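Observations on the model geometry
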Amino acid sequence: MKQSTFQQFSALVQQNFGIQLPPAKQALLESRLFKLMNDNSGRPELASEEAFLDYVKRDTTGKALAMLAEAITTHHTFFMREADHFTFYGQQVLPYLESTIGDGDVRTWCAASSTGEEAYILAMLLEDYFGLKGPQWETTLLATDLSRDVLEKGKNGLYPRESVQTLPSHWQTRYFQPAANGYCQVVDSLRRKVLFRQFNLINPTFPFKRPFHVIFCRNVMIYFDGPTRAALVQRFADFLEPGGFLFIGHSEVIDRQAHDFEYVMPSIYRKKGAFT
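Residues numbered from 1 in each chain as written. Predicted model: local features only at pLDDT ≥ 70, side-chain atom pairs only at ≥ 80, totals over all residues. Heavy atoms only, no water.

1. Thoughts on the sheet that holds strand β4 (residues 176-178)
Within the open sheet, the three strands sit side by side as β3-β5-β4. Their pairing is antiparallel. At either margin of the open sheet sits one strand with a lone partner, and together these are β3 (158-160) and β4. Sheet twist, expressed as the average angle between the axes of neighbouring strands with direction ignored, equals 35°. (Pairing = 2+ DSSP bridges. Helix = DSSP H or I, 4+ residues; strand = E, 2+ residues; numbered from the N terminus. Axes fitted to C-alpha atoms, helices over the stretch in contact; angles between N-to-C directions.)

2. Let's talk about the packing of aromatic side chains
Overall, the coordinates contain 28 aromatic pairs when judged by the stated rule. Between Phe199 and Phe206, the ring centres sit 5.3 Å apart and the planes meet at 75°, which makes this aromatic pair edge-to-face. Among the residues examined, Phe199 registers a relative accessible area of 10% and is labelled buried. With a relative accessible area of 8%, Phe206 lands in the buried category. One aromatic cluster in this structure is built from Phe86, Phe88, Tyr89, Tyr96, Phe216, Phe245 and Phe247. Positioned above the aromatic ring of Tyr129, the side-chain terminus of Lys133 is 4.8 Å from the ring centre. (Phe/Tyr/Trp six-rings, centres within 6.5 Å; stacked < 30°, edge-to-face > 60°. Buried < 20%, exposed > 50% of the residue type's maximum accessible area, 1.4 Å probe, protein only. Lys NZ or Arg CZ within 6 Å of the ring centre and 35° of its normal.)

3. Side note on the sheet that holds strand β2 (residues 141-145)
With respect to topology, seven strands assemble into an open sheet ordered β6-β2-β1-β7-β8-β10-β9, the strand pairing being mixed. Of all strands in the sheet, those bounded by a partner on one side alone are β6 (194-198) and β9 (261-265). For this sheet the average axis-to-axis angle between neighbouring strands, irrespective of direction, equals 20°. Bridging between strand β8 (residues 240-248) and strand β10 (residues 268-271) involves three bridges; their strand directions are antiparallel.

4. Details of the pattern of salt bridges
Opposite charge on two side chains lets them pair, provided their charged atoms get close. Tallied over the entire structure, the rule returns 14 salt bridges. For Glu127, the salt bridge goes to Arg174, with nearest N and O atoms at 3.8 Å. Within this pair, whereas Glu127 is found in helix α6 (residues 117-130), its partner Arg174 is found in helix α9 (residues 169-175), the two being separated by 47 residues in sequence. Linking Asp128 and Arg174 is a salt bridge whose minimum nitrogen-to-oxygen distance equals 3.1 Å. With Asp128 in helix α6 and Arg174 in helix α9, this residue pair connects regions lying 46 residues apart in the sequence. On the basis of relative accessible area, Arg174 is assigned to the partly exposed category, the value being 41%. When salt bridges with common partners are traced through the structure, they connect Asp103, Asp105, Arg107, Arg210 and Glu241 into a single cluster. (Salt bridge = Lys/Arg side-chain N within 4 Å of Asp/Glu carboxyl O.)

5. Describing the pairing of strand β7 (residues 212-217)
Extensive coverage of β7 is indicated by the burial of six of its six residues. Of the pairings in the sheet, the one linking strand β1 (residues 108-110) to β7 comprises three bridges and is parallel in character. Counted as the bridge partner of Thr108 is Val214 from β7. By the bridge criterion, five bridges tie β7 to β8 in an arrangement that is parallel. Directly across from Ile215, in β8, lies its bridge partner Leu246.

From the geometry alone we can't say anything about function, so treat these as descriptive.
Encoded structure:
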């Protein structure tokens, strides 16, 4: 790939997705675009890197940008990744929410859901805790991602049996059913508890009507530059209830002096104030 072509792709990715592509990432971009072009052979707009760049620039439908987003985003995840977060959520956060939420509407946002494993772990914890406490508790959670492809996988809830077998046995029995070709599928009742929606985290405004009690956004901000991270953390603060929790990746930190957060433990923060 020509250096000038890479630089133009890098600028487009930064502008539209907030993701940094430094020169060291050129080989990664080349390999991702090669796969994209190979999977779509015969399409003139994908005949070369330069043709695709021109397509992205002139397309007004959003389809070209969506293809670029699918190509450059990384979707590495698995059940119980950074498991201490889920332990804290189940043992500390949910009892606190039960004791403080007056209307029974528990609002959790999984802001970078990828293929859905993280969102379903949260849904299982919510169901385990609130499932028998009465119909007044609404625990449907929001799961968003930039990629349409991974959102569809999350909606389908199909996972290799080997990955499901890493979960506690009572979860395997209660929340999964056998499927074809060595897969297991999340049961319908739990899938209905997760709303998968496409969303770009660098949107300057968030469309949500009510703030959340908990936001998970893990291992995403490491791809953003400093100003983009700072703006996103501020929007998270704006859309958290006072006393609400923010979970980020273990390799990520936020500037508590610049934002309205208190440190709880590594990679867990809490918005200052208390639930009302």
